[in-house]
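Read off the chains here:
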Amino acid sequence: MTGNPVLTVADGARIERDASHTPAQLRLSVRAKGMIAFVVIVLYTMMVGLIVAQERQQLFATVQELERVHDLEETLAKINTSVAHAILKEQEIFYAPDPQPGYEALALDIEAIQAGLEGLKRPYPKIEGAIARLGRNVASLRAVPTRAALAELRASLYDLVAELDAFTRQVGSRRSVLSEGYRLIYDAITLTVIIGGVIGVVVLGGLTTLFFSRLARDLRRLESRALAVVTGYRDDPLEVTRHDEIGSLMESVNRMQSALRDHEKQLEITRQQRFHQDKMAAIGSLAAAIAHEINNPIAAIHGVAEAMDEIRRSHRCPGLCQPTLILEQTGRITQITRQMSEMTSPLSAEPQLIDINGLVRNTCNFVAYDRRFRNVKLTLDLDGQAPAAVACADHVAQILMNLLINSADATEAAAERAPEVRVATATRNGSIEITVSDNGCGMDAGTRERAFEETFTTKPAGKGSGLGLFICKSLVERSGGSIKLKSEPGSGTRATFTIPLESRATTT
Ligand SMILES: Nc1ncnc2c1ncn2[C@@H]1O[C@H](COP(=O)(O)OP(=O)(O)OP(=O)(O)O)[C@@H](O)[C@H]1O
Ligand SMILES: [Mg+2]
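A few points on the structure. Small disclaimer: the values here were computed from a predicted structure and weren't measured.

Here the focus is the packing of aromatic side chains. Inspection of the entire model under this criterion finds four aromatic pairs. On the numbers, 5.1 Å between centres and 80° between planes, the contact of Phe94 with Tyr95 is edge-to-face. The class for Tyr95 is exposed, based on a relative accessible area of 60%. With centroids separated by 6.4 Å and ring planes inclined at 15°, the aromatic side chains of Tyr182 and Tyr186 adopt a geometry described as stacked. Here the residue Tyr182 and the residue Tyr186 both occupy positions in helix 5 (residues 147–230), the gap between them amounting to four residues, near one helical turn.

The subject of this paragraph is the pairing of strand 5 (residues 431–438). Within a regular beta strand, the side chains point alternately toward one face of the sheet and then the other, so they alternate between its two faces. Counting buried residues in strand 5 gives eight out of eight residues, a clear majority hidden from the surface. Relative to strand 5, strand 4 (residues 420–428) is paired through eight bridges, and the arrangement is antiparallel. Bridge pairing in strand 5 places Thr425 opposite Ile434. Hairpin connection of strand 4 to strand 5: two residues between the antiparallel strands, including Asn429 at a positive phi of 50°. The pairing of strand 5 with strand 7 (residues 493–500) spans eight bridges and is antiparallel. The partner of Ser431 across the bridge, within strand 7, is Pro500.

The next thing to look at is the environment of Lys78. Residue position: Lys78 is located in helix 2 (residues 30–95). Classification of Lys78 as exposed rests on a relative accessible area of 59%. C-alpha separation for the pair Lys78 and Ile113, spaced 35 residues apart in sequence, amounts to 9.5 Å.

Attention now moves to the nonpolar core. Leu404, Ile434 and Phe497 are the most contacted members of the largest nonpolar core, which totals 43 residues. The leading source of residues in this core is helix 9 (residues 393–413), at nine residues. Beyond its immediate stretch of four places on either side in the chain, Leu404 contacts Cys364, Val367, Phe373, Leu378, Val421, Val423 and Val436. Among the nonpolar cores identified, the runner-up in size contains 33 residues, and Ile110, Ile131, Val138 and Leu153 belong to it.

With that settled, the discussion passes to a nonpolar patch on the surface. Taken together, the side chains of Leu191, Ile194, Ile195, Val198, Ile199, Val202, Val203, Leu207 and Leu210 define a hydrophobic patch exposed on the protein surface, amounting to about 810 Å² of accessible area. Tracing the chain through its elements places Val198 in helix 5. On the basis of relative accessibility, which here comes to 47%, the residue Val198 falls in the partly exposed class.

The next thing to look at is the environment of Asp109. Within the secondary structure, Asp109 is located in helix 3 (residues 100–118). In this structure the C-alpha to C-alpha distance between Asp109 and Val138, which are 29 residues apart in sequence, comes to 10.0 Å. Only 2.8 Å separates the side chain of Asp109 from the side chain of Lys89, close enough to count as a polar contact.

The next subject is the side chain of Asp383. In this fold, Asp383 is placed in the loop between strand 2 (377–381) and strand 3 (389–392). Of the side chains bearing the opposite charge, Arg428 lies closest to the buried Asp383, which forms no salt bridge; the N-O distance is 7.8 Å. Excluding residues within four positions of it along the chain, Asp383 makes contact with Asn357, Thr425, Ala426 and Thr427.

Overall, mixed pairing links the five strands, which are arranged 2-4-5-7-6 in an open sheet. The strands lining the two open edges of the sheet, one partner per strand, are strand 2 and strand 6 (483–487). With strand direction ignored, the average angle separating the axes of adjacent strands in the sheet is 15°. As defined by bridge partners, strand 2 adjoins strand 4 across five bridges and the pair is classed as parallel. Note on strand 4: the bridge partner recorded for Leu378 is Val421. Against the sheet, helix 9 contacts strand 2, strand 4, strand 5, strand 6 and strand 7, and its axis sits at roughly 20° relative to strand 5.

Now for the site of ligand 1. As a matter of local geometry, ligand 1 sits amid 19 residues, with Thr457, Thr458, Lys459, Ser465 and Leu469 nearest to it. Within the backbone of Gly466, one N or O atom sits 3.0 Å away from an oxygen atom of ligand 1. Taking 600 Å² as the accessible area of ligand 1 by itself, protein coverage stands at 90%. Broken down by secondary-structure element, the contributors of at least two residues to the shell around ligand 1 are helix 9 and helix 11 (468–478).

Conventions we followed
Position numbers for residues count from 1 along each chain, tracking the sequence in the order it is written. Numbering of ligands from 1 and lettering of chains from A proceed in the order in which they are written. At least 70 in pLDDT is required for a residue's local features to be given in this predicted model, at least 80 for side-chain atom pairs to be given and counted, and no such filter applies to totals for whole chains, interfaces and linings, which use all residues. Hydrogens are left out, water is left out, and the side-chain values use all remaining heavy atoms of the structure. Centres within 6.5 Å are what make two rings of Phe, Tyr or Trp a pair, Trp counting through its six-membered ring; a difference in plane orientation under 30 degrees is then read as stacked, over 60 as edge-to-face, and the rest as tilted. The buried label applies to any residue whose accessible area, calculated with a 1.4 Å probe on protein chains only, is under 20% of its type's maximum; exposed applies above 50%, and partly exposed to all values in between. What counts as a helix is a DSSP run of H or I of at least four residues, what counts as a strand is a run of E of at least two, and both are numbered from the N terminus. Pairs of strands are assigned from DSSP output, requiring at least two bridges between the strands. Buried Ala, Val, Leu, Ile, Met, Phe, Trp, Tyr and Cys residues form a nonpolar core when they are joined through side-chain atoms within 4.5 Å. We call two residues in contact whenever any of their non-hydrogen atoms come within 4.5 Å of each other. Nonpolar side chains (Val, Leu, Ile, Met, Phe, Trp, Tyr) within 5 Å and like charges within 9 Å form the patches, drawn only from residues with over 30% relative accessible area and no salt bridge. A 1.4 Å probe and the Shrake-Rupley method give the accessible areas. Residues count as covered only by the protein chains that appear here. Any carboxyl oxygen of Asp or Glu that lies within 4 Å of a side-chain nitrogen of Lys or Arg is treated as forming a salt bridge with it. N or O atoms within 3.5 Å of each other form a polar contact, as long as, within protein, one can give a hydrogen and the other can take it, and as long as residues adjacent in sequence are counted only when both atoms are side-chain atoms. Charge counting follows a simple rule: Lys and Arg are positive, Asp and Glu are negative, and His as well as the terminal groups are ignored. Interaxial angle, 0 to 180 degrees, is taken between N-to-C directions of lines fitted to C-alpha atoms, where a helix line uses only the stretch in contact. Near is defined per residue: the residue qualifies when any heavy atom it owns lies within 4 Å of the molecule or strand.

Limitation: the analysis is restricted to geometry and does not speak to function.
Below, the structure is given as structure tokens:
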């Protein structure tokens, strides 16, 4: 028996095994992709947070600096007020009729101002000169309390006011710079948060939407392909666009589709072979019955003719009596019925030692009765030295019949030549070579390339199914042989197939 057309558990296991075989490319599961997306989101959030934290630190430092500037401004304001009071007091004392009692009080005020100025030494070292000058003036006022000393003191107070003014302006502009810096940093933080948030939402949201829409699209493609395979789709495989679980599923559907296609091919071959065998068996039994029915009267006629011949030989028959003619014709009818029964007796589908030349001869004799061979000159050129080979007689006969019928069709298509078909056998390179050549229409390059394809035919519907050469190739290859075509349009075709003498023909 030939191939098992049904998908078995072993096939299922093979498909499973094949599906688990991953090519050398990065395969990420959907779960891994989800994890990566999560890690990316966390890293991105941390990065934005880090930038914002750095900017906040700068903002904090600016605020601290602003506070220090504010304190300094307050101190300056207080000192300015004290200096203004001291100047007023000095004026009062200077113009008082008796200035003596006010000197000491003024000296004490100036010392208080001096103490306040000490705090400005660090941020404004230039103040040290004014402090020293004030100290000297107070000392000389105490030592020689005169209006001239007072005038000296007033001059240094005016200088101090000028110094303090300059410093206050410096502090003021520093405050403006810091305030501007504060505003810029605050804006930067706001911008970072907004841009970081928007980029995060747009990019991550976009990628997530893209991922899920691709996933949904691929799942839809997969679903419709699976349904198509169920309803008989066997053409191009689904393009595998992913390298995750869905991609593996796509590969599995493709493998399932190709496994089904292979099994269906086997099924078709098996069906064709069964059909061929059934047809041959039906022809065989009909031919046997006809031969049997014909043989009986022929035997009787033969017997009568022999008796007549005997009478003729003994010169008892008149001159016109010619029984040899009857004997010739009955002999011919007997040969035809023998040929028919030889060819139509069931051929083995199991590999066994067969006489290839005998099989070729019988097959040609049988096919010659086909109406397509009515006008064809069928010649045999058999290698008398060809050894017996182990092969399936039924398969060899089927291959040969397909090639012979193709040749007959081709010669019919080239009606301008007297149709000729030649069958030859030869022993070459450890194989028996069987060649069927014809002087038919031949094939162009396109037909030659596709001739072995399943269902490829150039014949009109109802005349050819395009399975003949496909089945021939499959049967020949199964027995370890090969088949090839040599053909040119207009100059005929030569089909050659080989049967290895070391046959590995199988029954599958
Ligand atoms: N001897 C030949 N001469 C010219 N063309 C040929 C010959 N043999 C095959 N072909 C071409 O190859 C095609 C395929 O041949 P194949 O035997 O597979 O199918 P078919 O003869 O068309 O149909 P089927 O054999 O199923 O009835 C044919 O249709 C024909 O075009
Ligand atoms: Mg054919």
